[in-house]
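Here's the letter readout for the chains.
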Amino acid sequence: MNNIKNSMHKISFTLLVIIIAVFCLFPFFWMFFNAFKPAIDIRAYPPVWTFKPTLNNFIKVFIEQPFFNYFMNSMIIATFSTIIGVLLSLPAAYSIARYKQGFISLILLTARMLPGMVYLIPLFIIYNRLGLIDTYLSLIITYLIISVPLSTWLLIPYFEDIPSDLECAGMIDGCSKIGVFFRINLPLALPGIAVVTILSFVYCWNDFIFVLILGGVKTQTLPLAAYHFMTYGSMNWGSIFAAATIITLPIAIISLFLQRYLISGLTSGGLKD
Amino acid sequence: MNKIINFLDRYLYIIFPSFALLVIIGLMIYPMLYSIYLSFHEWQLGALSGPLFVGFANFNKLFSDSAYIRSLSITFLYSFLCLIIEIPFGMILALILNKSFKSITWIRNIFLLPILVTPVAISLIWVMMYNPSIGILNYFLRGLGLPPSLWISSTSTVIPSLVLVDVWKWTPLVALILLGGLKSLPSSPYEAVKIDGATTFQTFLYITVPLLKPTIMAALLIRFIDSLKTFAVIYTMTGGGPAQASRTTYLFAYDTSFKYFRMGYGSAAVMVFFFILLIISFALTKLKKQT
């Protein structure tokens with residue numbers, strides 16, 4: 001009797017998990033599914049479930065629009081911002097972890113909470129005056145707002161986990177403090193650095209508001225281009241689904257392969273006081 | 001060379017954080033001060049004259065601007081609806097996941113997707129699904145024998161529809177945060193109440209919730225602040241419409257500053273919003289400390 005009850009319990013539990021999973025995944029499935037539909041089938045009602053898959057939507061996106069340029073814009077801006085951001089964050093995170101500079105970490109956390117509009121209006125005015133609107137330089141610099149607080153905040157626990165005995169050993173052997181940082185701490189924090197780099201890249205890649213305000217024709221990134229797809233043009237559903245798939249794909253791949261590490265990064269903000 | 005290293009070593013605790021701090025001061029704090037300055041000025045960008053000092057006139061105007069007041073109420077309604085759905089549902093999801101079955105790792109993979117995926121891509125997909133005439137969601141509703149909805153195309157359903165997208169995207173994050181909290185709870189109180197014969201629900205109410213309160217508060221605070229700042233999804237899905245029914249304060253400030261280029265008024269609108277946000281976050285943090 002107990003056995004039956006137990007297995008019933010297990011089945012209903014599994015069913016529940018499957019329902020949740022379907023709810024989470026359905027929009028992605030629908031996007032992916034439709035991206036390969038021929039044009040006539042996309043607007044069919046009721047929805048068509050069987051069709052001959054085609055790459056036309058993707059080809060259209062790349063031929064009719066300079067989508068490759070947008071892709072490169074996104075790549076350039078997100079990559080440079082992330083690399084510079086992580087390089088600036090490493091020493092800060094180390095120092096906060098080692099010297100218990102709680103005040104600085106508080107500043108960083110507050111900075112992360114600050115509504116973007118507070119600094120975007122002045123930045124627009126300043127960049128406008130300097131002729132920096134719609135340049136890679138200004139966007140790469142501005143994206144440091146995303147990458148620096150995020151990376152620093154996430155790197156702190158990795159440095160805290162490195163036992164200070166190792167540092168003492170290094171010092172006794174005649175290494176300077178800065179040498180200890182480069183020779184002992186950096187190599188040991190490498191897994192953390194990798195996770196933080198990826199997360200920071202994802203956040204820069206995802207941004208919309210910065211590029212909407214400070215970008216322009218030359219620096220249009222994927223999200224902005226995809227948005228323009230929807231507003232201009234004739235609501236070409238096939239292209240929109242294809243565009244959404246292209247933006248989503250890198251993120252989906254990243255999250256599938258690195259999920260275990262990313263979860264700790266994503267939730268650490270909530271678990272730390 | 002040795003001198004440089006000695007110097008670096010002595011002031012390491014100042015030099016090391018200074019790069020990151022410079023970024024924050026230069027790109028966030030200085031512009032914020034500039035924004036405060038602007039909020040006391042009347043300035044149309046592109047006009048020949050510079051900013052004109054007007055004292056509190058912008059703020060006075062804001063409080064009698066019905067569009068602004070409406071945007072505030074829309075924003076807080078949106079945020080409130082998100083929170084009262086996401087926190088309980090996140091809790092339920094976390095409790096389910098905490099039962100260690102094998103399914104847990106793959107469901108966590110799935111949870112990451114909505115959290116990490118580009119907001120604009122999410123808007124594109126949901127706009128397509130929400131389409132009243134040929135969208136898939138109305139197809140499902142009809143299939144279930146329910147009346148189709150206008151979703152984001154009607155003033156009465158636009159906010160719930162946007163909340164649904166937010167819930168879909170962020171409940172997994174709440175669940176993951178709470179799951180992390182659940183995993184770190186001590187097991188001894190559970191063993192104790194088990195001996196006392198407590199039911200599952202009693203255990204949850206009297207043991208899990210009080211012990212988990214700091215984590216719940218943290219999730220609440222994060223989601224509260226982030227939901228108030230939601231821009232990309234709302235702007236791309238509705239642009240504040242229909243009939244400005246989803247025009248949140250963020251969209252109001254964006255329109256004022258970057259469509260009409262009224263920099264002073266736009267800054268003032270953001271500052272008031274920021275001030276309200278600060279007060280509530282401060283209160284929540286206080287509440288969190290008490291527990």
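Just above, that's the structure.
The paragraphs below set out a description of the structure included in this document. (Residues numbered from 1 in each chain as written. Chains lettered and ligands numbered in written order. Predicted model: local features only at pLDDT ≥ 70, side-chain atom pairs only at ≥ 80, totals over all residues.)

**A short note on the interface of chain B and chain A**
Part 1 of the argument: Counting residues at the interface gives 76 residues for chain B and 77 residues for chain A.
Part 2 of the argument: Per-element tally for the side of chain B that touches chain A: the top contributor is helix α2 (residues 12-39) of chain B, with 16 residues.
Part 3 of the argument: Classifying every residue of the side of chain B that touches chain A gives 60 nonpolar, 12 polar and 4 charged. (Contact = placed C-beta atoms within 7 Å. Helix = DSSP H or I, 4+ residues; strand = E, 2+ residues; numbered from the N terminus. Nonpolar A, V, L, I, M, F, W, Y, C, P; charged D, E, K, R; others polar.)

**Some details on helix α13 (residues 263-290) of chain B**
Part 1 of the argument: Across its 28 residues, α13 of chain B extends 40 Å between first and last C-alpha, which sits within 8% of the 40 Å expected from 1.5 Å per residue.
Part 2 of the argument: For α13 of chain B, the full list of buried residues reads Met263, Gly264, Tyr265, Gly266, Ser267, Ala268, Ala269, Val270, Met271, Phe273, Phe274 and Leu277 of chain B. (Expected span 1.5 Å × (residues − 1). Buried ≥ 20, exposed ≤ 12 C-beta atoms within 10 Å, placed from the backbone.)

**Describing the environment of Ala269 of chain B**
Residue and element names in this part refer to chain B.
Part 1 of the argument: The residue Ala269 is located in helix α13 in this model.
Part 2 of the argument: Given 31 C-beta atoms within 10 Å, Ala269 falls into the buried group.
Part 3 of the argument: Counting along the chain gives 120 residues from Ala269 to Ser149, while the straight-line C-alpha distance between them is 34 Å.
Part 4 of the argument: Setting aside its immediate chain neighbours within four residues, Ala269 contacts Leu62, Tyr68, Thr249, Phe252, Ala253 and Thr256.

**A short note on unusual backbone geometry**
Residue and element names in this part refer to chain A.
Part 1 of the argument: Unlike most non-glycine residues, Lys100 shows phi in positive territory, near 50°.
Part 2 of the argument: Even without being a glycine, Asp134 presents a positive backbone phi close to 65°.
Part 3 of the argument: If you trace the backbone, Asp134 turns up in the loop between α6 (117-130) and α7 (136-160).
Part 4 of the argument: Overall, Asp134 belongs to the partly exposed group, with 16 C-beta atoms counted inside 10 Å.

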